[in-house]
Amino acid sequence: MAEIKGQAIDRFINRPDPAKPIILIHGPDRGRVQIRGKALIKTLAGDPPDPMACIDLDPNILDSEPGRIAEEADSVAMFGGNKVVVARMDDPKALVKPVEQLLAQPPQAATVVILAGDLKKSHPLRSRIEKTEAGAAIACYAADRRDVAALLAETRSQFALAISSEAETAVLSLLGADHALSKAEIEKLCLYALKDGTITIDHVEACLTDSAAHSMMDVADFSFAGRTSDALTAMHHALSEGVDASVLGSMLMRHAQQLERMRIDIDRGSSTNSVVSRARPPVFFKRRPHIERALTLWNAAKIRRTIDELDQALVEQRLGPRLGPIRLERQVLRIASEGRRAQGSRA
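Here is a short report on the structure shown in this document. Owing to the predicted nature of the structure, the values given are computational and were not obtained by experimental measurement.

### Some points on the environment of F224
Part 1 of the argument: Within the secondary structure, F224 sits in helix α11 (residues 212-224).
Part 2 of the argument: Spatially, the C-alpha atom of F224 lies 9.5 Å from that of I303, the residues being 79 residues apart in sequence.
Part 3 of the argument: Setting aside residues no more than four positions away along its own chain, F224 makes contact with L252, H255, A256, L259, A294, L297, W298, T306, I335 and G339.

Structure, rendered in structure tokens:
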């Protein structure tokens, strides 16, 4: 198999295997696709890339001339040396035939780098590249908690900053939907806290308030608080920043699960204030009114039904990702409407 995974990815990007000149970088994390693609191109063609040796083919060119990728790979660079051909297509089905030709007869003085969207295992281009010795495929998935923790630790060390446990927990809960976004937000946070020497929860709240991650939390907070218009505005803002609908759906699910745990504790005798104060991940001050409002509007049974519905919606979303934003909007409207009805019944 020619699928590059785990720690081998960075090693391959820093020292590409000359025996694998056809390289596919793809996945749902578009930011990570771009970061890894840029790093690989830098290794192959320099920084900035030599325009005489690096040919960048955009979707408009490849849609009308898919064979162009093979033509460029088989032609010699103007001043000799290794040539780099970059092809950018969200769904590169049109490239299957020309890439098959290149895999059968690999270019001797060129490397082809294909940057694509989320390709299933069965996608014809991905499967051919993964099964051929001349090809290499790198999948880029959304960062998990360990990825964000490693990125945070690495970036903090570059700035010589410490971090409080509360702030670290908050950062890990806020980021992760997109690697490039997470990296940019952590760097911004470090610069913001640089003069203080230690990143605190106050820095996190002040610095990350306008990030896509907070927009995601706004979707959940406003939905369960019955604020339909605000919830839809936050949802569209997050989608416009590149957050995938499935990520927002998962955020709604996690929020509902957190509300359920809080609601159960309240039903067992704890006060709303104490439950929210000891929540993990911590609830920022600006979010507290929305969380406390939701806990007065939703009982445990209603929250459990919503969790089951969100779980089913996520399954449907994975089966038909193109309808993801529509399904997400439907869920946001349903949850916010339920919260609004609960407000009316308490009036």
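Okay, back to it.
### Side note on the side chain of S223
Part 1 of the argument: Mapped onto the elements, S223 comes out in helix α11.
Part 2 of the argument: Among residues more than four places away in sequence, those in contact with S223 are D218, A231, L252, V332, I335 and A336.

### Overview of the nonpolar core
Most often, soluble globular proteins keep nonpolar side chains buried together rather than apart.
Part 1 of the argument: If you look at the biggest cluster of nonpolar residues, it comprises 61 residues, and the most contacted ones within it are I199, V204 and L252.
Part 2 of the argument: Here this core gets ten residues from one element, more than from any other, and that element is helix α13 (residues 245-267).
Part 3 of the argument: Sequence-distant contacts of L252, that is, excluding residues within four places in its chain, are made with V219, A220, S223, F224, L310, L328, V332 and I335.
Part 4 of the argument: Formed by 24 residues, the second largest nonpolar core is a distinct cluster that contains I69, M89, L103 and A110.

### Thoughts on the pattern of salt bridges
Part 1 of the argument: Under the definition given, this model contains 27 salt bridges.
Part 2 of the argument: The closest approach of N and O atoms between E72 and K83, which form a salt bridge, is 2.9 Å. Taken together, the positions of E72 in helix α4 (residues 68-74) and K83 in strand β4 (residues 83-88) put the pair eleven residues apart, joining distant regions of the chain. In this pair, the class of E72 matches that of K83, namely buried.
Part 3 of the argument: Residues joined in a network through salt bridges with shared partners are E3, K5, K121, R126 and E130.

Procedures and definitions
Residues numbered from 1 in each chain as written. Predicted model: local features only at pLDDT ≥ 70, side-chain atom pairs only at ≥ 80, totals over all residues. Heavy atoms only, no water. Helix = DSSP H or I, 4+ residues; strand = E, 2+ residues; numbered from the N terminus. Contact = heavy atoms within 4.5 Å. Core = buried A, V, L, I, M, F, W, Y, C linked by side-chain atoms within 4.5 Å. Buried < 20%, exposed > 50% of the residue type's maximum accessible area, 1.4 Å probe, protein only. Salt bridge = Lys/Arg side-chain N within 4 Å of Asp/Glu carboxyl O.

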